[in-house]
Amino acid sequence: MELKTLKELEWDEKRIIKDINKRLKRLELEKTPMNKRLDDQGNHVDSNELRKEAIEVDNNYPDLEKIISNMWETMYASDGVGLAAPQIGKSIRVLVIDASPMEEDEPALKDFKKTFINAHITEYNDEMEYKQEGCLSVPGIYDDVKRPTKIRIEYYDENFEFH
């Protein structure tokens, strides 16, 4: 029998605790009807909102500034790094991302905090990679997702400046 170091035992313990917590979250999620999620005000949102094609918005969209502010607040309260408007019950093309928590692994993400309005992918490369992702609409569930290593997008920021 191979003896493990204290560090290896601590790592095993952390991995086991993480796995148990993941399973508990799945069980809790199973108690909640799958067709219900919370919006930015804590109200239930029908998951069909997540399946609709989101519409583009202009700078006259009602309460857009407030919606964006609520999205940031909701994302941070949920310990997320990104949130799309359909996740809070608004089928509009608005996305907020604060990737700075990932700067340790990706130094270029330091201070990366942006609002994307009407974003469209204009090109991407063929090189793919798997990264673990979660979704605030399905809390506690993580999986490896295959994505292109580079994409180029066009979007408007919160001031409707085109990028």
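Remember, predicted model here, so these are calculated numbers, not experimental data.

So, how was this worked out
- Residues numbered from 1 in each chain as written.
- Predicted model: local features only at pLDDT ≥ 70, side-chain atom pairs only at ≥ 80, totals over all residues.
- Heavy atoms only, no water.
- pLDDT = per-residue confidence, 0-100.
- Helix = DSSP H or I, 4+ residues; strand = E, 2+ residues; numbered from the N terminus.
- Contact = heavy atoms within 4.5 Å.
- Pairing = 2+ DSSP bridges.
- Axes fitted to C-alpha atoms, helices over the stretch in contact; angles between N-to-C directions.
- Core = buried A, V, L, I, M, F, W, Y, C linked by side-chain atoms within 4.5 Å.
- Buried < 20%, exposed > 50% of the residue type's maximum accessible area, 1.4 Å probe, protein only.

Some remarks on the confidence of the model for the chain
Mean pLDDT over the chain: 80, with 71% of residues reaching 70 or higher. The secondary-structure element of the chain with the lowest mean pLDDT is strand S1 (residues 36-38), recorded at 49, while strand S4 (residues 94-98) shows the highest, at 96. Note on residues 32-37: pLDDT is under 50 here. Beyond four places in sequence and across chains, it has 13 contacts.

Observations regarding the sheet that holds strand S5 (residues 113-124)
An order of S3-S4-S5-S8 is seen for the four strands of this open sheet, with the pairing classed as antiparallel. The two strands at the open ends of the sheet, each matched to only one other strand, are strand S3 (82-84) and strand S8 (151-156). Going across the sheet, the axis of each strand differs from the next one's by a mean of 40°, ignoring polarity. As judged from the five bridges shared by S5 and S8, these two strands associate in the antiparallel manner.

A short note on the pairing of S5
With five bridges connecting them, S4 and S5 associate as antiparallel partners. Following the sheet pairing, Val94 is matched in S5 by Ile117.

Describing the nonpolar core
The biggest cluster of nonpolar side chains holds 14 residues, and the ones touching the most others in it are Leu64, Ile68, Met71, Ile92, Val94 and Val96. Broken down by secondary-structure element, the contributors of at least two residues to this core are helix H3 (64-77) and S4. With six residues, H3 is the single largest residue contributor to this core. Excluding residues that lie within four positions of it along the chain, Ile92 makes contacts with Ala54, Ile55, Val57, Tyr61, Leu64, Ile67, Ala85 and Pro86.

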